[in-house]
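Understanding the architecture of this molecule
Chain residues, written in single-letter form:
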Amino acid sequence: MYHQSIPTQQRLHVEGIQYHLEQLCTTKLVRIGETDRKHLEDLASLFRQDSIPMDVVLTKLFPRYDEQHASGLWRQFKSRVNNKYLKRVAPDVSLFSTRSTASAKEKEVCFVSNSSSMISPQPTQTHQKDTHIVGEDEILRFYLKKLRGDSRYLDIRGMGATRANRVELQQVFTFLQVRMADEKLEKNSQLESSYLALQTALTKPNLVIVGDPGSGKTTLLRFIALKLALAHLGDELKNTLPQIGFEDELPFPIFVRLATFAQFLCDYSDDSYPTEAPQHFFRYLDHMLAGFHIRIPEAYLQNRLLAGRCILLLDGLDEIPNMKLRQRIVNILEYIVHSGQTIGNRHIITCRTRVYRGEFQFNMEFNRCELIPFNKDQVKAFVRSWVRSLYGISEGETGTALTKQADIYREELLDDIWSNFNVRQLAENPLILTILSVIHWSRRQLPEQRTELYDTAINFLLDSREWLSHIPNHLRKECLQTIALYMTNYPGGVRRTLGKIEAAKIVQNLLDMNQREAQEFLEQETLYSGILVSRVEGELEFWQPVFQEYLAALELSTQDDYWKIIEPQLFDDTWDEITVMLGGCRRRLGIKAASELIQKILDVNYSLNSKVRSIGIIGRIIQDIRPYGGNPTRDTGYEQTLLEMLPTFEEHRAEIDFQTRIEIGEALGQIGDPRLEDEEKNEILIRGGTFWMGTPDDVVERSYHSERGHISERPMHKVTVSDFLIDRYPVTVAQFQTFVEAGEEGYLDRHNWTPEGWSWREKEGLQNPKCWEAQLDYPNRPVVWVTWYEANAYARWAGKRLPTEAEWEYAARGTEGREYPYGESHFMHHYIKSNGSRGHAMPVGIAFGPTPEGVYDLCGNVLEWCQDWLGPYDSASQLDPEGPTRGQERIIRGGSLHFGALHLRAAKRSHGYPSSRSNCSGFRCVRPANSFAY
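Structural notes, computed from the coordinates. Fair warning: this is a prediction, and the values are worked out from it, not measured in the lab.

This part takes up the nonpolar core. Counting residues in each nonpolar core, the largest one holds 174 residues, and the members touching the most others are I224, V256, F261 and F281. In terms of residues, this core owes the most to one element, helix α11 (residues 217-233), which gives 11 residues. When sequence neighbours within four positions are dropped, the list of residues in contact with F261 reads V256, H280, F281, Y284, I329 and I332. Within the second largest apolar cluster, 26 residues are counted, among which are W753, V786, L802 and W865.

Counting across every chain of the model gives 36 salt bridges. One salt-bridge network, in which partners are shared between bridges, spans R450, D576, E577, R620, D624 and E663.

What follows deals with the packing of helix α17 (residues 401-418) against helix α19 (residues 430-443). Running from N to C, α17 and α19 point in directions that differ by 120°, and their axes come no closer than 11 Å. When the axes of α17 and α19 are compared, the pair comes out oblique. As for how α17 packs across α19, the hand of that crossing is right-handed. The segment α17 lies against α19, with Y409, E412, L413, D416 and I417 engaging L433, S437, H440 and W441. The residue inventory of the contact of α17 with α19, partitioned by class, reads 5 nonpolar, 2 polar and 2 charged.

In this section: the pairing of strand β14 (residues 539-542). Neither face of β14 is left uncovered, since the one carrying E539 and E541 and the one carrying L540 and F542 both have all their residues buried. Here strand β12 (residues 498-499) pairs with β14 via 2 bridges, running antiparallel. In the strand pairing of β14, G499 is matched with E539. The pairing of strand β13 (residues 532-533) with β14 spans 2 bridges and is classified as antiparallel. The partner of V533 across the bridge, within β14, is E541.

Within the secondary structure, L597 is located in helix α27 (residues 591-602). The buried category is assigned to L597, whose relative accessible area is 1%. Put simply, L597 and Y562 are 35 residues apart on the chain and 9.4 Å apart in space, counted from C-alpha to C-alpha. If we ignore the near neighbours within four places in the chain, the residues touching L597 are Y562, W563, L582, G583, R586 and I621.

In this fold, T633 is placed in the loop between α28 (608-625) and α29 (638-651). T633 has contacts with I598, I622, Y638 and E639, leaving out every residue within four places of it along the chain.

Let's shift gears to the sheet that holds β14. Taken together, the 3 strands give an open sheet; going across it, the order is β12-β14-β13, and neighbouring strands pair in antiparallel fashion. A single partner strand is all that each edge strand has here, and the edge strands are β12 and β13. Seen against the sheet, helix α21 (residues 473-488) touches β12, β13 and β14 and runs at an angle of roughly 95° to β14.

Thresholds applied
- Residues numbered from 1 in each chain as written.
- Predicted model: local features only at pLDDT ≥ 70, side-chain atom pairs only at ≥ 80, totals over all residues.
- Heavy atoms only, no water.
- Core = buried A, V, L, I, M, F, W, Y, C linked by side-chain atoms within 4.5 Å.
- Buried < 20%, exposed > 50% of the residue type's maximum accessible area, 1.4 Å probe, protein only.
- Helix = DSSP H or I, 4+ residues; strand = E, 2+ residues; numbered from the N terminus.
- Contact = heavy atoms within 4.5 Å.
- Salt bridge = Lys/Arg side-chain N within 4 Å of Asp/Glu carboxyl O.
- Axes fitted to C-alpha atoms, helices over the stretch in contact; angles between N-to-C directions.
- Parallel < 35°, antiparallel > 145°, perpendicular 65-115°, else oblique.
- Left-handed = near helix turned anticlockwise from the far one by under 90°.
- Nonpolar A, V, L, I, M, F, W, Y, C, P; charged D, E, K, R; others polar.
- Pairing = 2+ DSSP bridges.

So yeah, pure geometry; function would need other evidence.
This is the structure in structure tokens:
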């Protein structure tokens, strides 16, 4: 880093110089105080001592600028600061001369970026006011530089000038895994989905990326835009592009924030076109380039799109403020995509998972994938990259005193994350992990609860540059809360951007200022904390949507009439996170405050669906505020209402939104799921009979494309099984917990294990399954991360056994030979489409209805270990077959939550080594019917 080459006595001031240059060159209120004077004197002394040209030094201090823009920044700096003062501080005028490798023509042209991640120089008085005419190559270069500048950094405000306020995106970007759901195949009843690397998903020509708040959707698009911009500019090796899904092509990138496009449609309506005409999108592309101080031909980006070989990066479908406008934009984009894919354009759209469903799904052939939360290895990879970036360690640098210091801090941060279960869960979210890392870098401690985390992060950002503002932090925060709620409760739907003038009117009374002063305060706030940013001239928005949602919830929690605002929005998807976070904010005021909110939600009883959704929302609130302890549902009637509603829920399951069903299941788990209390009632008697096991050759040929798949399910053969009892549900976390807690009479009793299994457990040193602490929070989900050894040990301990492969398939198919456990394939596809993408197991017996015999979750939730070794089928008729007597892999049945419909067929065979495990490997038990009195 350049800072490391600066003499030791000057290093302490470099970051301060950097900040003051930014402030003096971008704010309207330029004041030279004693601190500024000291920084300028140090700056002049430093430059004089090292004899370094000013533009080169500024390029080092401001890595986001090239030399031309650094020179422009310095020219603006000189024009704003008193000339006499400058000469007194640094009389050697030649010291500040501009020396740039850019061409003379390039020196006279600069552009204005409205992004908070780039502060570009305004033209000085020597520039003409009119835009300049430049060639095609220069237009392209300026556009790509702007895109590079907007995407190059993670703008982490609030670390303080003595450390860092941003990091290079390329240094810390961590690739995620995705759950893929191919929409094209799904609509043809041939759904295929799987867990795969993000790079593979990015090869799809039309892709919708969904994920939870903070899952990394926007960062991913920014990373793609950055890599392509660098490659076009010649700053990136093209052989690195396959990591973002580009093998032989180099498409032209266009990044569009859909919330800004939506605001443009509202502010700049044009009735000369139909409301859903693509011309509205092309008008917006022209509007995007309005900040350039060069004359760009009309329809420049439109022509680029129409020429083909472009990639359109469309960020934040969920951030469009209301349903009508969202549907309008979906229809506009469908035309753009349909036309573009015929000429080689690619399209990636991001959206929150809960919003992308129903009428807001694209009708075209889009692939869909969901970003999966960070696993432990990804958290470690991010933290390593993050720490090396903070310490300024270059790629490949090892063994130095600095790397050793960084390694010590990295382990400290990881220990603090792993040691607290609630923090560990939060760290699975990339945005929250980043905030955790920022906070820990300064405070060396981490919060546990989500709203507490957001509050700590926001307070931290406010504190970091409190000395720059004459407004107390509590008042600054109150202003942010007021703006957040105003934007969230805006007539017509949630807004993501707000005009500075309108925002100033909202807070001027709070600040006891006039409108001009309030506007100046807001402009300065975008520089100080970074919680508010200005990406579009004259507009404000929150750096992250989750900050807006939390601050709106926090403001609501302080108002006596909060329910009048919340009740009409209770089932609005755009208010979903706000409602849950309101529960956390109310809980911080006390248990009574949280109980009052829960009671009000519980009393909503417009219909069956509203009652069910209310219960689901309460369940999420309870889960969210668990770290605070106590029982806010006491005396609310919540548990009784949930239990009384259960029979009605079972009867009308198919009428209830899939996500709400899952929330109900989670809520049952929190109170102690009554369905799981009676072990005997949770066994289903399967009467023996004869059935055809396996799959006919023609079906296998249609379903598989590998020889291994052909062998696996054929020949189809006749099998007879005797009566047996099978668990109604897969074994749950709560049931397995009893086994673990039995200690030396349970999980640690070698008599429950096979010899090979016990040796494996001792070698691994296990006291419980993998990821056990994380599973305990969800007692009625199936236990996962279990090996065959562990599943078999539990079954022995419970006086049961694992089912044979024949028993499992017979339970799934029945005597009528069902293709799917739940009936015809279209019925299964309905559930899979509703499910979309899930990164974890679901509460047992909730998502899907039972088989006709009453068995739940035989497919679509978790994979299930069977007793048998893997082996080929025999064509002869068999009675109670138990498979080969030896082998290397055990049979696994029941397509899990990761798989598509072909893998959910009753005849589908999977297999794994007895020591293998995953977040979708579970099991259920059986026992002979003669051990049960019936």
